[in-house]
Amino acid sequence: MRTFDVVIIGSGIAGGLLARQLRLACPDLGVLVLEAAAAMEDYKVGESTVEVAANYMVRRLNLGTYLYQHQLPKNGLRFFFDAPGKDLPLPRMSEIGSDHMPFHPSFQLERARLERDLVTMNRAAGAEVELGAKVVDVAIDGRGRHRVVYEQGGERREVACRWVCDASGRRHVLFRKLGVKVHKETRLNTAAAWGRYRGVAGLDAVTDVAWRSRARYTARHLSTNHFMYDGYWIWFIPLAGDLEGTANADPRPALMSVGVVFDKDRIGEGSGAALPGPRTRADFERFLGAHRFARELLEGAELEDFQSYAHLPYHAEQYFSTDRYAVTGEAGAFTDPFYSPGSDFIATSNEFITQMILSDVSGDRSGFEEKVAAYDAYYRFKYDSTLRLYERMYPVFGSFELYRLKYLLDFNNYYNLVLWPFMADRVTDVGWIREELRFTDLVLRALSTMGEHFASLASDLRARGEYFAQNEGRFANGLNGVAQLETRLGSAIDEGFRREQVDRAYGSVFAALVERRLGERGLSDRARLVSELKLPQVLVFRDITPERLSRVLERIAERMTRELRGEFPGAGVERVELGAGGEVSVTGPAEGSAAHAEVLSRARALWDASAGSLAHVAL
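About the cut-offs
- Residues numbered from 1 in each chain as written.
- Predicted model: local features only at pLDDT ≥ 70, side-chain atom pairs only at ≥ 80, totals over all residues.
- Heavy atoms only, no water.
- Helix = DSSP H or I, 4+ residues; strand = E, 2+ residues; numbered from the N terminus.
- Rg over C-alpha atoms; globule rule 2.2 N^0.38 Å.
- Buried < 20%, exposed > 50% of the residue type's maximum accessible area, 1.4 Å probe, protein only.
- Pairing = 2+ DSSP bridges.
- Axes fitted to C-alpha atoms, helices over the stretch in contact; angles between N-to-C directions.
- Contact = heavy atoms within 4.5 Å.
- Polar contact = N/O pair within 3.5 Å; in protein donor to acceptor, adjacent residues only side chain to side chain.
- Parallel < 35°, antiparallel > 145°, perpendicular 65-115°, else oblique.
- Phe/Tyr/Trp six-rings, centres within 6.5 Å; stacked < 30°, edge-to-face > 60°.
- 1 Å grid on protein atoms, 1.4 Å probe; cavity = no way out; pocket = protein on both sides within 12 Å on 5 of 7 lines; lining within 4 Å.
- Points joined across faces, edges and corners; volume = space filled by probe spheres on them.
- Nonpolar A, V, L, I, M, F, W, Y, C, P; charged D, E, K, R; others polar.
- Salt bridge = Lys/Arg side-chain N within 4 Å of Asp/Glu carboxyl O.

**Student:** Give a description of the overall build of the protein that names residues and reports values.
**Tutor:** Helix and strand counts for the protein come out as 18 helices and 22 strands. The C-alpha atoms of the protein give 27 Å as radius of gyration, which agrees with the globular expectation for 619 residues (25 Å, within 12%). If one aligns the C-alpha atoms of the protein with their principal axes, the spans along those axes are about 100 × 60 × 45 Å. Looking at the protein as a whole, 57% of its 619 residues qualify as buried.

What follows is the structure, given as C-alpha cells:
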C-alpha cells in the first residue's frame, strides 16, 4: 500500500491551490490529489475573485504572472440599478463602480482552464495527481494512518496517509463518510441559475460617449457586473476564452458567464412575484428576456450551457480536527455568491490547513492543537459574519440610494477588517485570532443591527413610493470610500487606525440612514453627530425614531454647552439647544447682546462643522 503525508480529495480550485501551497511550503511532503473527473473540463461558477483570494494566489502561491497571462484582470465590483419596469437602457441606469482599476488586484477566472493548469503545475512541483480517481471510502484513524480507497480505470486502489483534506465541493465526500451533518441554511433562502453565453459583445461595446466618459473609459467589461433588483441580482462576468479552443486557426467568440441569484421568499415559487425564479433553461432565458439591458447585451449571443442550484447556503459544525482531517472550499460551507466570497474562504481555509499540517509534521503537538481550535472557531465565525452580510438584504438590492450606503459600509469593513489582516499574515496567528474572537458577539450584533435598519428603511421607501427614486442617471465611485486605506494596507497593522475606520464607517452610514428615515435634511454630515454614532452607540440605537434622535441631540448639546462655557467664561452660557433640522439656540446671554451673537455664532460653527462623512465623499 502506498503511503502519503496528505491526500487531497478533489483537484478543483480549492484542492489544486492547496496542493500547490503544501508543496511550496514543504517540498518534502508527499501529496496525492484524487480527482473523480477523468479530465478537467467541467464548467464551474465562482469565476470572480476578490482581494483576499487574489493576494493569496499572487503572494503566497506565486501565480501572478500566470494569472495576468492566462486569465483576466478584474476591474472591481460594479452595480447597476433599473426602473420598476426593468426598461432602462444601460447608459441611463444608476451605477456604482470605479473610474480606474482598483489599487489591489483581483481576477476573473476561467475555472476549467485554471484547474487543468494547476494539475500540470502540481505534477511539476512533485505532487501526484490522479484523474478519474473516485474516492469510495475513507477511514479516519486519529492514532495512526488514515485509509483512502478509490476506484480508477475499473480497479480499486487503497492508500494510507497522515492527513485527509476534502476539496470535493458539494459532494461532501469526507463528511458523508464520517456521518457529519451538513446543515441547510435557513436564515438565507437563495437559489441560483446560470449559463455561459458565446458572442456577447460586452458592456464596452456600448457607444454612448457620456456613459463611457463618466468612468473615464475604464473597462466595465472586466468588472464583475451586478444588475440589482428587489429580491434578486443578475451577474455578467467575462471569461478568458474557450475551454479547449478549436482545431482551426479562427478562435470562437469568447464566453460570458451570466447568472441570476434570487431570494426564494420574494421571487421563487409561492412568493407571489410576477417574475418567478428560473429553475430550467427555458425559464432562465425567459427571466433574462424580461430585462431590457439583458435583451440588448445578449442580442445575437448563444446560450452554450445551463446549470442551477435549488438552494445555496449551508454549513457544518466543524471544519478542522485534531484527528488530522480538514475541509476546504465548498466541501465545508457556502454562503452566497454576492461579493464573490467563495475564493476568499478557500484562501483562508488553505492557509489554516497548511499551518496545521506543518505544525503536526514538525512534532509540535501543543501548537497543532491550539491551531486546530483557533482556526475552527475563526472559520465558523467567518461563515456566520459573512452570512449576516446578506441576511435580509435582498429586499434592499434594488435601490441605488440604499445600496450605495450598504456597499460603502461593507467595502470599508472588508478592506479594513478582512483584507488588511490577511495581507499582514495575522489571519494564521493564533494570538491575533483569539483577540479577534473576543469581539465576535459585537461584530455579529453590528451586522444584524445594520441589516435590520437597512431592511426597515427599504420598507419605508417602498411604502412612500421612493424606493427607485435615485435609480436613474447617478454614478458613485465605489473606490472613494476606501481611498484612505490605499497607502495603509500592507504587512504592518495599525490597530488604532483600524478602530477609527470602523467608527467612521458606521457613524457615516448610520447618520445617513437616520437622516433619510426621519426626513431630516442636512443631518448626516455634521461632525458632532457622526462622532456621537460610534459603533457601540449604533448598537444601542435599536429604533430610528424622532425621540431617539432627540436624546442624541440633547447629549451633543450638553457637551457643546460645557465647551462654550469654557470658551466664553464671562458670557453666562446656560444651555445650547439643537434642532434636527439644523436649528441652534443659546440661552443665558441676553438676546441681542454682542455676547449672545458671539456665542451663537460659535455654537452654529461647531454644529455645522463637516464630518467628512464617507457617505458624502465626492462621487
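Anyway, onward from the coordinates.
**Student:** Before we move on, can you summarise the sheet that holds strand 15 (residues 255-263) with the specific residues and values?
**Tutor:** With mixed pairing, the eight strands of this open sheet are ordered in space as 16-12-15-14-13-4-5-20. Looking along the sheet, the strands with just one partner apiece sit at the ends: strand 16 (302-309) and strand 20 (475-477). Across the sheet, the axes of successive neighbouring strands diverge by a mean angle of 15 degrees, strand direction being ignored. Examined bridge by bridge, strand 4 (residues 77-81) and strand 13 (residues 224-229) share five bridges and lie parallel to one another. Opposite R78, over in strand 13, you have N225 as the bridge partner. This element, helix 7 (residues 281-289), spans strand 12 (190-198), strand 14 (232-238), strand 15 and strand 16 of the sheet and lies at about 110 degrees to strand 16.

**Student:** So what's going on with the side chain of D99? Residues and values would help.
**Tutor:** As for its placement among the helices and strands, D99 is situated in the loop between strand 5 (94-97) and strand 6 (107-108). Side chain to side chain, D99 and H100 meet in a polar contact 2.7 Å long.

**Student:** Help me get a handle on the packing of helix 9 (residues 342-361) against helix 10 (residues 365-390), residues and values and all.
**Tutor:** Describing two packed helices takes the angle between their axes plus the distance from one axis to the other. Orientation of helix 9 relative to helix 10, taken along the N-to-C sense of each, is 170 degrees, at an axis distance of 9 Å. Taken together, the axes of helix 9 and helix 10 are roughly antiparallel relative to one another. In this structure, helix 9 contributes D344, F345, T348, S349, F352, Q355, M356, S359 and D360 to the contact, and helix 10 contributes F368, K371, V372, Y375, Y378, Y379, K382, Y383 and T386.

**Student:** Give me the lowdown on the packing of aromatic side chains, citing residues and values where you can.
**Tutor:** Taken as a whole and judged by the stated rule, the model has 42 aromatic pairs. Ring plane angle 55 degrees and centroid distance 4.7 Å describe the contact between Y394 and F397, whose orientation is recorded as tilted. In terms of burial, Y394 and F397 fall into one category: buried. Where F411 meets Y415, the ring centres are 4.8 Å apart and the plane angle is 80 degrees; that geometry is what we call edge-to-face. Highlighted residues: F411 and Y415, both in helix 11 (residues 400-423), separated by four residues, approximately one helical turn. On the accessibility criterion, F411 (9% relative accessible area) is buried.

**Student:** Quick one: what's the story with the layout of surface pockets, residue by residue and with numbers?
**Tutor:** Volume-wise, the largest pocket comes out at about 1200 Å³. Elements represented by at least two residues in the lining of the largest pocket include exactly strand 5, helix 9, helix 10, helix 11, helix 12 (430-437), helix 13 (440-464), helix 14 (495-518) and helix 16 (535-540). A per-class count over the lining of the largest pocket returns 26 nonpolar, nine polar and eleven charged.

**Student:** So what about the pattern of salt bridges? Which residues, and what values?
**Tutor:** If charged atoms from side chains of opposite charge come close, those side chains can pair. For the structure shown, the criterion picks out 48 salt bridges. Each member of the salt-bridge network shares a partner with another, and the members are R59, R60, E351 and D425.

**Student:** Tell me about empty space enclosed by the protein, residues and numbers included.
**Tutor:** Going through the model one piece at a time under the given rule, you end up with five cavities of 30 Å³ or more. Considering only enclosed or pocket space, the largest cavity measures out at about 110 Å³ in volume. As for the largest cavity, its lining consists of 15 residues, and the residues nearest its centre are R404, L408, N477, G478 and G481. Elements supplying a minimum of two residues to the lining of the largest cavity: helix 11 and strand 20. Residues of the lining of the largest cavity, tallied by class, amount to nine nonpolar, five polar and one charged. There is about 60 Å³ of room inside the second largest cavity. If you trace the second largest cavity, you find it lined by K406, L409, D410, N413, A446, L447, M450, G451, F454 and Y506. Contributing elements (two or more residues each) for the lining of the second largest cavity: helix 11 and helix 13. In terms of residue count, the dominant contributor to the lining of the second largest cavity is helix 13 (five residues). Grouping the amino acids of the lining of the second largest cavity by side-chain chemistry returns six nonpolar, two polar and two charged.

The analysis is restricted to geometry; functional conclusions fall outside its scope.
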